[in-house]
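Breakdown of the fold
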Number of protein chains: 2
Amino acid sequence: MTNLGFIGLGIMGKPMASHLLVAGHTVHVYDVVSEAVQELASKGAVACSSSKEVAQKSDVIFIMVPDTPDVEAVLFGKDGVAEGIKAGSIVVDMSSISPIATKGFAKKLDAMGVKMLDAPVSGGQVGAEKATLSIMVGGQPEVCEQIKPYFELMGKNIVLIGGNGDGQTCKVANQIVVALTIEAVSEALLFTSKAGADPAKVREALLGGWAQSRILDLHGGRILERKFAPGFRIRHQQKDLNLALQSARSLGLSLPGTAIAQELFNAVVAQGGIDLDHSAMVLALEALANHKVSE
Amino acid sequence: MTNLGFIGLGIMGKPMASHLLVAGHTVHVYDVVSEAVQELASKGAVACSSSKEVAQKSDVIFIMVPDTPDVEAVLFGKDGVAEGIKAGSIVVDMSSISPIATKGFAKKLDAMGVKMLDAPVSGGQVGAEKATLSIMVGGQPEVCEQIKPYFELMGKNIVLIGGNGDGQTCKVANQIVVALTIEAVSEALLFTSKAGADPAKVREALLGGWAQSRILDLHGGRILERKFAPGFRIRHQQKDLNLALQSARSLGLSLPGTAIAQELFNAVVAQGGIDLDHSAMVLALEALANHKVSE
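Computed from a predicted structure; not experimentally measured.

Before going further, it helps to examine the overall build of chain A. A tally of helices and strands in chain A yields 14 helices and 9 strands. Relative to the 2.2 N^0.38 estimate, which gives 19 Å for 295 residues, the radius of gyration of chain A is 21 Å and therefore close to what a compact globule would have. Its C-alpha atoms give chain A principal-axis dimensions of about 65 × 45 × 40 Å. Counting only residues that meet the buried cut, chain A has 56% of its 295 residues in that class. Taking as baseline every contact in chain A between residues at least 6 positions apart, the subset at least 24 positions apart corresponds to 65%. Here chain A carries 26 positive and 30 negative side-chain charges, and the mean point of each set is 2 Å from the other.

Here the focus is the relation of the copies chain A and chain B. Each copy superposes on the other: chain A lies on chain B with an RMSD of 0.0 Å after a rotation of 180° and an axial shift of 0.0 Å. Both copies of the chain, as the preceding transformation shows, are related through a two-fold rotation axis. Proximity to the rotation axis, assessed at the C-alpha, singles out Ser 213 of chain A in chain A; its C-alpha lies 2.0 Å from the axis. Interface residue correspondence from chain A to chain B reaches 100%, placing this contact among same-surface, isologous pairings.

Our next topic: the interface of chain A and chain B. Contact with chain A, which involves 59 residues of that partner, is made by 59 residues of chain B. Regarding the contact of chain A and chain B, the summed buried area is about 5000 Å², with carbon and sulfur atoms giving 71% of it. Its largest share of buried area at the contact with chain B, chain A owes to Phe 191, Trp 210 and Arg 214 of chain A, together 17% of the area lost on that side. Here chain A is connected to chain B by 13 residue pairs in polar contact (both at pLDDT 80 or more). Elements with a minimum of two residues in the side of chain A that touches chain B: α6 (99–110), β9 (155–162), α9 (166–194), α10 (199–207), α11 (214–225), α12 (234–251), α13 (256–270) and α14 (282–290) of chain A. Among the residues forming the side of chain A that touches chain B, the class breakdown is 36 nonpolar, 16 polar and 7 charged.

What follows deals with the nonpolar core. Residues Ile 176 and Leu 206 of chain A together with Ile 176 and Leu 206 of chain B are the most contacted members of the largest nonpolar core, which totals 88 residues. Leu 206 of chain B has contacts with Cys 170, Ala 173, Asn 174 and Val 177 of chain A together with Ala 211, Gln 212 and Leu 216 of chain B, leaving out every residue within four places of it along the chain.

Attention now moves to the pattern of salt bridges. Proximity of charged atoms lets side chains of opposite charge pair with each other. Per the stated rule, a full pass over the model turns up 24 salt bridges over all chains. In this structure, Lys 115 of chain A engages Asp 110 of chain A in a salt bridge whose closest nitrogen and oxygen atoms are separated by 3.2 Å. Residue Asp 240 of chain B pairs with Lys 239 of chain B through a salt bridge whose shortest N-O separation is 3.8 Å. Comparing Asp 240 of chain B with Lys 239 of chain B shows no difference in burial state: the two are buried.

Glancing now at the pairing of strand β2 (residues 27–30) of chain B. All names here are of chain B. Neither face of β2 is exposed, since Val 27 and Val 29 on one face and His 28 and Tyr 30 on the opposite face are all buried. Bridge analysis of strand β1 (residues 4–7) against β2 gives 4 bridges, and the strand direction is parallel. Bridge pairing links Ile 7 to Tyr 30 in β2. In the classification by handedness, the crossover that spans β2, the intervening helix α2 (residues 34–42) and the parallel strand β3 (residues 46–47) is right-handed.

Below, the discussion takes up α12 of chain A. For α12 of chain A, built from 18 residues, the straight-helix expectation of 26 Å at 1.5 Å per residue is met to within 8% by its first-to-last C-alpha distance of 25 Å. Those residues of α12 of chain A lying buried are Ile 234, Gln 237, Gln 238, Lys 239, Asp 240, Leu 241, Leu 243, Ala 244, Ser 247 and Ala 248 of chain A. On its buried side, α12 of chain A packs onto α4 (68–76), α6, α9 and α13 of chain A together with α9 (166–194) of chain B. One or two residues past the end of α12 of chain A sits Gly 252 of chain A, with phi positive at roughly 80°.

Residues and elements named next belong to chain A. The step from Pro 230 to Gly 231 runs through a cis peptide bond, and the omega angle for that step is 10°. Inspection of the secondary structure puts Gly 231 in the loop between α11 and α12. In the Ramachandran plot, Asp 79 falls in the positive-phi region, its phi being about 60° despite a non-glycine side chain. If you trace the backbone, Asp 79 turns up in the loop between α4 and α5 (81–84).

Attention now goes to the confidence of the model for chain A. Looking at chain A as a whole, the pLDDT averages 97, with 100% of positions reaching at least 70. For this predicted complex, the interface score ipTM comes out at 0.95, while the overall pTM is 0.95.

Residues and elements named next belong to chain B. In the sheet, strand β8 (residues 133–138) pairs with strand β9 (residues 155–162) via 6 bridges, with the strands oriented parallel. Opposite Ser 134, over in β9, you have Asn 157 as the bridge partner. Between the parallel elements β8 and β9, the chain passes through helix α8 (residues 141–154) in a crossover that is right-handed.

This part takes up helix α14 (residues 282–290) of chain B. Restricting attention to buried positions, one finds in α14 of chain B the residues Val 282, Leu 283, Ala 284, Leu 285, Glu 286 and Ala 289 of chain B. Packing partners of the buried residues in α14 of chain B comprise α13 of chain A together with α9, α11 (214–225) and α13 (256–270) of chain B.

Residues and elements named next belong to chain A. If you walk through the whole model with that rule in mind, you get 6 aromatic pairs over all chains. With a centroid separation of 6.1 Å and 75° between ring planes, the pair formed by Phe 62 and Tyr 150 is classed as edge-to-face. In this pair, Phe 62 sits in strand β4 (residues 60–63) while Tyr 150 sits in helix α8 (residues 141–154), placing the two residues 88 residues apart along the sequence. A relative accessible area of 0% places Phe 62 in the buried class.

A few words now on the side chain of Asn 174 of chain A. Along the chain, the position of Asn 174 of chain A falls in helix α9. Note on Asn 174 of chain A: relative accessible area 5%, which makes it buried. A distance of 3.1 Å separates polar atoms of two side chains, one belonging to Asn 174 of chain A and the other to Gln 175 of chain A. Sequence-distant contacts of Asn 174 of chain A, defined by excluding residues within four places in its chain, comprise Leu 206 and Ala 211 of chain B.

Our focus in this paragraph is the environment of His 278 of chain A. Residue and element names in this part refer to chain A. Of note, His 278 is situated in the loop between α13 and α14. The contact partners of His 278, leaving out residues within four places of it in the chain, are Val 178, Ile 182, His 219, Phe 232, Ile 234, Gln 237 and Phe 265. Engagement of the side chain of His 278 in a polar contact is seen with the side chain of His 219, the distance being 2.9 Å.

Take the state of the cysteines next. Inspection of the entire model under this criterion finds 0 disulfides over all chains. Not part of a disulfide, Cys 144 of chain B finds its nearest cysteine sulfur in Cys 170 of chain B, a span of 13 Å.

All names here are of chain B. With respect to the secondary-structure elements, Met 12 resides in the loop between β1 and α1 (13–22). When its relative accessible area of 17% is taken as the criterion, Met 12 is described as buried. A C-alpha to C-alpha distance of 9.4 Å links Met 12 and Ser 95, two positions 83 residues apart in sequence. In contact with Met 12, other than residues within four places in its own chain, are Met 64, Val 121, Gly 124, Gln 125, Ala 128 and Leu 133.

Rules of the game
Residues numbered from 1 in each chain as written. Chains lettered and ligands numbered in written order. Predicted model: local features only at pLDDT ≥ 70, side-chain atom pairs only at ≥ 80, totals over all residues. Heavy atoms only, no water. Helix = DSSP H or I, 4+ residues; strand = E, 2+ residues; numbered from the N terminus. Rg over C-alpha atoms; globule rule 2.2 N^0.38 Å. Buried < 20%, exposed > 50% of the residue type's maximum accessible area, 1.4 Å probe, protein only. Contact = heavy atoms within 4.5 Å. Lys, Arg positive; Asp, Glu negative; His and termini not counted. Charge placed at Lys NZ, Arg CZ, Asp CG, Glu CD. Least-squares fit on C-alpha atoms with pLDDT ≥ 70 in both. Buried area = accessible area lost by both parts, 1.4 Å probe. Polar contact = N/O pair within 3.5 Å; in protein donor to acceptor, adjacent residues only side chain to side chain. Nonpolar A, V, L, I, M, F, W, Y, C, P; charged D, E, K, R; others polar. Core = buried A, V, L, I, M, F, W, Y, C linked by side-chain atoms within 4.5 Å. Salt bridge = Lys/Arg side-chain N within 4 Å of Asp/Glu carboxyl O. Pairing = 2+ DSSP bridges. Right-handed = clockwise from strand over helix to strand, strands pointing away. Expected span 1.5 Å × (residues − 1). pLDDT = per-residue confidence, 0-100. Phe/Tyr/Trp six-rings, centres within 6.5 Å; stacked < 30°, edge-to-face > 60°. Disulfide = S-S within 2.5 Å.

Printed below as a string of structure tokens:
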């Protein structure tokens, strides 16, 4: 019987770990917030007091924490995974973090006889709760096959993109497209309103042609109805765009559109909108158009 | 029997006017290029020597010329439509021009007892030849109904967006979305390559999620295969983005993403790519990433 570990029990990690538990697996859990650990323990998980302890007791260790430094701390910090892990174990990092850092982490673990997969998800809290996440995997095919039964308990659309880091690269690429498509739709619909045409009719006409996108459909609809409750928060979109822009700098490429999108999100944050849905980017463009010079 | 007129017999206007002819209508034609007039006349059209003459002989006058100043010249210039037109005639401008100027043209014609529709199209040369254009109409519903039988000879997806100018507004909105979505896909796929992952696999994975768009599918495919034969030329995309940016300035709004997209197209033009497909925007991003400092 494979012993599982799950580190990071936030709004994503908690339901994901629960799906593993409900399927009958033994899951060793840890989080810096002890209440989260207790909650999972009350559902049958084995409470641990550190990432190191999870690693000592598990063969497969899932990680779901906010950002690159958090994964680094979980893996290689004091009382981290590296201090407790056995050769032959597998680390599956489902956080959304830097593809470049991920390659480094995989190399360090490999030197310890530990295989790693990066497996960031999309689908958000609802996807985590309903086990309908899309999972973008980087790592060795045979390792991915081995972990697939667990992925299938948490998600639906599981794609092996390539080697270590490539899952994270795919996630970043996804977030670049999402942010810029939201900008496309926001600029077009604001233009339409200002020009005095009906944005609902324009959206409908555009959905039938080259401008069609899932974002025009869904986020376009949210913009028209001004429903900015998340959904996917600007807070998280900004974290992912930060990964894009930092990685671009390291890799030697320039992403002018992504940079503008990030700055427009900054402007919405300046309005107090950090926890609004990312479709609220349109509020930044509206501020640019409507804010008046004060005397 | 309604007498038709068609002014502007370029790569779009020629096949569009031909569809009207083939359906058995009497079509009076004019173009500044007399060879184009002769070609249509050899197919049965009535050759005219000015826009004024077309207007004198026609009840419904279609216009398909490159840009706002061309439409202005056709309508109100020397030997223009306004000099020959009868009250009760209808002007149908199928060019892609400024929505703001369009409203002014419609007002001036209205004062002469002439109704106008703006009816820009998307679908390009192929759409014009196959009579599968999408037509975005602005004007009065009863006038649109009256002209619909002719639209149906030239296109398939005919949508009345609103009053005068709203068809042009919809076309501009479409082009904003198209340009920015191409930028989204270009930045994401270049990021993917530079990060060492397989852009074909990433595109495929993204098509299954929030990043899905018709542009990701089609233009993404072109970018991967480096097939930059047009399709839709950067030359024409730039004209349409210019309409967006000029109109935005007049209307009092700011389109930072559209501006960046236009500048990236400028960079492809600097490389000699003005007649490449608009998916070649990726060449500008590649230049930003790959061009080396010379000593």
